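Residue strings, one per chain:
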Amino acid sequence: MKQAQTNAPAAIRGRSAWSAAWESWRQVMQDSFAVVGVAILLIFVVIALTAPYLAPFDPFKAMMTETGRLARLRPPSGEHLLGTTAFGNDVLSQFLHGFRVALLVGLVAAIAVGFISTLFGVLSGYFGGWVDDVLMRITDVALSIPTLPFSIVAVALLGPSIENIILVITVLFWRNGARIIRSAVLTERERVYVKWARAAGASHFHIIMRHILPNIIRVVFLWVTMSVAFAVLTEASLSFLGLGDPTVISWGQMLNTAFSSGNLRTAWWWVVPPSVALVMLVSALYLIGRAYEEQTNPRLRRR
Amino acid sequence: MRAYIIRRLAQSVLVVWAVTTIMFFMFRVMPADPTAILLERGLTDEARQALLEQWGLTGSLWDQYVAYLANLLTGDFGSSFLYRKPVWEVLTPLIINTLWIAVPGLLLGAALGAAIGTAVGWAKRGGKLERSGIFLATIIRGVPNFVIGIALLTIFSSTLGWFPGFGMGDPGETTGFARYMTLDFLHHLALPLIAVIIYFMPENLLLMRSGVVENRTEDYIELVRAKGVPQRRVAWHAARNSMLPLITWLFPALAETIAGIVVIEIVFSWPGVGRELVLAVTRQDYPVAQAAFFLLAVMIVIANLAADLVYGKLDPRVVYK
């Protein structure tokens, strides 16, 4: 069989999804905005991985002054580079730990949403029939669920923990991806080369893995990038609303504490770092997503 | 056409039913006892039982579910645990408050986004205007809405003192619609409204730009140009045809924006449905939370339905089956 496959004409052999992914990645790297996005993302990943070593203090520890009083709202100094919070916590340490939560949420959402959306989208688009019917009815309902209100209710009911937040995000965002991937599969399925491959006796598995998947991989990447951005935003919004996991430090939570303790105006050193980091992370993802978008829509390309 | 509308309506009703059911079971399966919040007010066991019955929280889950659906059909959302009055009485004024920032914010954001988007889409490919337009729009799109709110609040309210940053202002003597026609109200409205506009604009801008870029190389544009029509008018031709996807996207976006301004309402303490939803959830006032969520879901379903119908009106190529 292996022999037969290598001898088969290229049109029937297809290509692997990996090579298609690599090719699409190289195209994205031609886009200077996307390069900026990837650079930001890389820096963020490095900071997230090394955060425990970079952070000078325990983010939950209340700092004391020499006189034994709580070091409240200290502006940036040599000792506390980004000052302290109203509760005497070191802002820099909290800020650095925030990288971990944001990227963890993004990473898990990317894997979960990418896998579920692709699986359902491909099955539904390729096989059609009742699988497709059931799936489309489910997404019909799922698409009329208001995302943020649903997450607020669900996280409040399930209990505010990082696991529940990730669960809710996954439940919410697989649906759009599945729809988009399904329609991409629908167009691919009708292409001549799929019919040839089938006529030549290729199995469904072979056709999906080597013909359909390589051609829709850009749509999958586009959707995964967008899902990561939505996931980061949703976690930040929930934490800002006071529904974050109290046992970890996230940027949304830092802003929530600054906001609810009424220190937005005075303690700029407490507010600016998490805000800027959130904007940079989400924008970086959108910049990469945009490059995939231009690829998946050939009419947007320069002519 | 009529058959299509009927089928689409039936489908929408089905979706609303499904969302309601999901919500109902989510709220009932929770371990928390809603009367627990009333215990500190010294409630006797009998009184507690009476309250449970009044709220429809006795009997099997199935009985409760049937009773809940029956009540919904008659427009009865039950009564708030906290305010001790009917839920619709609590929510009606809040819906109006939410619409006050949502609808103008959405329309202005869309108009502004469409105008700038046309300019960016019509600009030279790879030129300065196009590149900076796309870059800025993408960055602004990445700003979480509470960060927009915090920035506006800190700059224009706390530091410059130009606008109030809290609530809707003093209602004073006036009631009814006159309450919304005071300078004080508009003064309070400004910052949350600007926040919604900034939050909503970039998406429109990018969508419009893609549409114009797609359309500008079409043959009909060449034809218009060949007729000697000035550049500006040619751009308008492309813009008009790019509005189609924008408009269909607007309706569902309206619903999602109403949902998304929960956070903006919180930042500016604007008494709207979204803020009440968050407060109700944290106070365990479930009838209010359930109804607020239901309202938001219904808005999305109606918006999607409207989008489908409007699309058919605007695009003669769409055939209803």
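Reading guide: rules and limits
Residues numbered from 1 in each chain as written. Chains lettered and ligands numbered in written order. Predicted model: local features only at pLDDT ≥ 70, side-chain atom pairs only at ≥ 80, totals over all residues. Heavy atoms only, no water. UniProt positions renumbered as here; feature names shortened; annotations may be inferred. Axes fitted to C-alpha atoms, helices over the stretch in contact; angles between N-to-C directions. Helix = DSSP H or I, 4+ residues; strand = E, 2+ residues; numbered from the N terminus. Parallel < 35°, antiparallel > 145°, perpendicular 65-115°, else oblique. Left-handed = near helix turned anticlockwise from the far one by under 90°. Contact = heavy atoms within 4.5 Å. Nonpolar A, V, L, I, M, F, W, Y, C, P; charged D, E, K, R; others polar. Buried area = accessible area lost by both parts, 1.4 Å probe. Salt bridge = Lys/Arg side-chain N within 4 Å of Asp/Glu carboxyl O. Polar contact = N/O pair within 3.5 Å; in protein donor to acceptor, adjacent residues only side chain to side chain. Buried < 20%, exposed > 50% of the residue type's maximum accessible area, 1.4 Å probe, protein only. 1 Å grid on protein atoms, 1.4 Å probe; cavity = no way out; pocket = protein on both sides within 12 Å on 5 of 7 lines; lining within 4 Å. Points joined across faces, edges and corners; volume = space filled by probe spheres on them. Phe/Tyr/Trp six-rings, centres within 6.5 Å; stacked < 30°, edge-to-face > 60°. Lys NZ or Arg CZ within 6 Å of the ring centre and 35° of its normal. pLDDT = per-residue confidence, 0-100. Expected span 1.5 Å × (residues − 1). Bend = angle between axes of the 7 residues up to and from the residue.

An unreviewed UniProt entry annotates chain B as ABC transporter permease originating from Pseudotabrizicola alkalilacus. UniProt, in the comment section headed Sequence similarities (unreviewed entry), describes chain B in these words: "Belongs to the binding-protein-dependent transport system permease family."

Within an unreviewed UniProt entry, the label attached to chain A reads ABC transporter permease, and the organism entered is Pseudotabrizicola alkalilacus. Regarding chain A, the UniProt comment filed under Sequence similarities (unreviewed entry) reads as follows: "Belongs to the binding-protein-dependent transport system permease family." Of the comments in the UniProt record for chain A, the one headed Subcellular location (unreviewed entry) reads "Cell membrane".

A.B. asks: I keep staring at the packing of helix α5 (residues 91-127) of chain A against helix α12 (residues 268-296) of chain A and nothing clicks. Help me out?
C.D. replies: Axis angle and axis distance: for two packed helices, these are the angle between their axes and the distance between the axes, and together they describe the pair. Residue and element names in this part refer to chain A. One can describe the packing of α5 onto α12 by two numbers: an axis separation of 10 Å at closest approach and a directional angle of 25°. Here α5 is positioned roughly parallel relative to α12, judged by the angle of their axes. Relative to α12, α5 is oriented so that their crossing is right-handed. Residues Val91, Phe95, Ala102 and Leu103 of α5 lie in contact with α12, whose contacting residues are Trp269, Trp270, Pro273, Pro274, Ala277 and Leu281. Its residues placed into classes, the contact of α5 with α12 shows 10 nonpolar, no polar and no charged.

A.B. asks: Help me understand the interface of chain A and chain B, please; the structure alone is not making it clear to me.
C.D. replies: Accessible area lost upon the coming together of the parts is a frequently used measure of interface size. With 44 residues of chain A at the interface, the matching set in chain B holds 49 residues. Taking both partners together, chain A and chain B bury about 4,300 Å²; carbon and sulfur atoms supply 74% of that area. Of all residues in chain A, Phe33, Leu157 and Arg299 of chain A bury the most surface against chain B, accounting for 14% of the area lost on that side. Between chain A and chain B we count one salt bridge in total. With a shortest N-O distance of 3.1 Å, Glu294 of chain A and Arg209 of chain B are connected by a salt bridge. Linking chain A to chain B there are three residue pairs in polar contact (both at pLDDT 80 or more). Broken down by secondary-structure element, the contributors of at least two residues to the side of chain A that touches chain B are α4 (32-54), α6 (129-143), α7 (147-158), α10 (204-240), α11 (251-260) and α12 of chain A. Counting residues per element, the side of chain A that touches chain B draws most heavily on α12 of chain A, at 10 residues. Considered class by class, the residues forming the side of chain A that touches chain B number 28 nonpolar, seven polar and nine charged.

A.B. asks: Mind showing me how you'd approach the pattern of salt bridges here?
C.D. replies: Where charged atoms from two side chains of opposite charge approach closely, those side chains can pair. For the structure on display, the rule yields 12 salt bridges over all chains. Ionic pairing is found between Arg290 of chain A and Asp31 of chain A, a salt bridge with its closest N-O pair at 3.1 Å. Placement of Arg290 of chain A in helix α12 and of Asp31 of chain A in the loop between α3 (17-28) and α4 is noted, with a sequence separation of 259 residues between them. Residue Arg290 of chain A is classed as buried on the basis of its relative accessible area of 9%. It is possible to trace a salt-bridge network through shared partners that takes in Asp31, Arg290 and Glu294 of chain A together with Glu130 and Arg209 of chain B.

A.B. asks: Please explain the side chain of Asn164 of chain A as it appears in this structure.
C.D. replies: Residues and elements named next belong to chain A. Structurally, Asn164 is set in helix α8 (residues 162-189). Assessed through its relative accessible area of 16%, Asn164 is described here as buried. Asn164 has contacts with Leu158 and Gly159, leaving out every residue within four places of it along the chain.

A.B. asks: Is there a simple way to explain unusual backbone geometry in this structure?
C.D. replies: Its identity is not glycine, yet Ser269 of chain B carries a phi of approximately 45°, on the positive side. Its place among the elements puts Ser269 of chain B in the loop between α11 (262-267) and α12 (273-282).

A.B. asks: It is not clear to me how the UniProt feature "transmembrane region" (unreviewed entry) in chain A should be interpreted in this structure. Could you clarify?
C.D. replies: As annotated by UniProt and renumbered to match this structure, "transmembrane region" (unreviewed entry) occupies residues 33-55, 101-128, 148-174, 219-241 and 267-289 of chain A. The span residues 33-55 of chain A is 96% helix and 0% strand, and its two end C-alpha atoms sit 31 Å from each other.

A.B. asks: Explain the layout of surface pockets to me, please; I cannot follow it from the model alone.
C.D. replies: Residue and element names in this part refer to chain A. The volume enclosed by the second largest pocket comes to roughly 1,100 Å³. Elements supplying a minimum of two residues to the lining of the second largest pocket: α3, α4, α5, α10 and α12. Looking at the lining of the second largest pocket residue by residue, the class counts come to 34 nonpolar, four polar and one charged.

A.B. asks: It is not clear to me how the packing of α11 of chain A against α12 of chain A should be interpreted in this structure. Could you clarify?
C.D. replies: All names here are of chain A. α12 packs onto α11 with a crossing angle of 145° between their chain directions and a minimal axis gap of 9 Å. Where α11 crosses over α12, the two elements pack in a sense that is left-handed. Between α11 and α12, the residues in contact are Trp251, Met254, Leu255, Thr257 and Ala258 and Trp270, Val271, Pro274, Ser275, Ala277, Leu278 and Leu281, respectively. Taken together, the residues that form the contact of α11 with α12 break down as 10 nonpolar, two polar and no charged.

A.B. asks: Would you mind showing me how to read the packing of aromatic side chains here?
C.D. replies: Aromatic ring pairs: the centre-centre distance and the angle between the two ring planes describe each pair. Under the definition given, this model contains 20 aromatic pairs over all chains. Relative to Tyr292 of chain A, the ring of Phe221 of chain A has its centre 5.5 Å away and its plane inclined at 45°; by these criteria the two rings are tilted. Highlighted residues: Phe221 of chain A in helix α10 and Tyr292 of chain A in helix α12, separated in sequence by 71 residues. Under the relative-accessibility criterion, Phe221 of chain A is labelled partly exposed at 27%. Residue classification places Tyr292 of chain A among the buried residues on the basis of a relative accessible area of 4%. Taking 6.2 Å as the distance between ring centres and 65° as the angle between the ring planes, the aromatic pair formed by Trp223 of chain A and Phe230 of chain A counts as edge-to-face. In this structure Phe230 of chain A comes out as partly exposed when scored by relative accessible area, which is 24%. Every member of this aromatic cluster is reached through a ring pair, and the members are Phe24, Phe25, Trp62, Tyr65 and Tyr68 of chain B. The ring of Phe33 of chain A has Arg131 of chain B sitting right over it, with the charged end atom 4.7 Å from the ring centre. Sitting above the plane of the Tyr286 of chain A ring, Arg141 of chain B keeps its charged end 4.1 Å from the centroid.

A.B. asks: Can you help me understand the UniProt feature "transmembrane region" (unreviewed entry) in chain B in this one?
C.D. replies: Residues and elements named next belong to chain B. Per the UniProt annotation, the sites labelled "transmembrane region" (unreviewed entry) are residues 12-30, 99-122, 134-157, 177-200, 246-268 and 288-311. Helix makes up 88% of residues 134-157 and strand 0%, whereas the separation of the span's terminal C-alpha atoms amounts to 30 Å. The span residues 288-311 shows a helical share of 100% and a strand share of 0%, and its end C-alpha atoms are spaced 35 Å apart.

A.B. asks: Explanation requested: the confidence of the model for chain B in the structure shown.
C.D. replies: For any part of a model where pLDDT is low, the fine detail of the predicted coordinates should not be relied upon. All names here are of chain B. Chain-level statistics for chain B give a pLDDT mean of 78 and a share of 81% at 70 or above. Mean pLDDT values for the elements of chain B range from 54 in helix α2 (residues 36-39) up to 88 in α11. On the interface metric, ipTM, the complex scores 0.81, and its pTM is 0.85.

A.B. asks: What should I look at first to understand α10 of chain A in this one?
C.D. replies: Because an α-helix completes one turn every 3.6 residues, residues spaced three or four positions apart along the sequence face the same direction. Residues and elements named next belong to chain A. Compared with the 54 Å implied by 1.5 Å per residue over 37 residues, the 47 Å span of α10 between its first and last C-alpha is markedly short. Residue Leu213 marks the point of greatest curvature in α10, where the axis turns by about 55°; the proline Pro214 follows within four residues. Within α10, 29 of the 37 residues are buried, which leaves it mostly tucked inside the rest of the structure. Two residues or fewer after α10 comes Gly242, characterised by a positive phi angle close to 90°.

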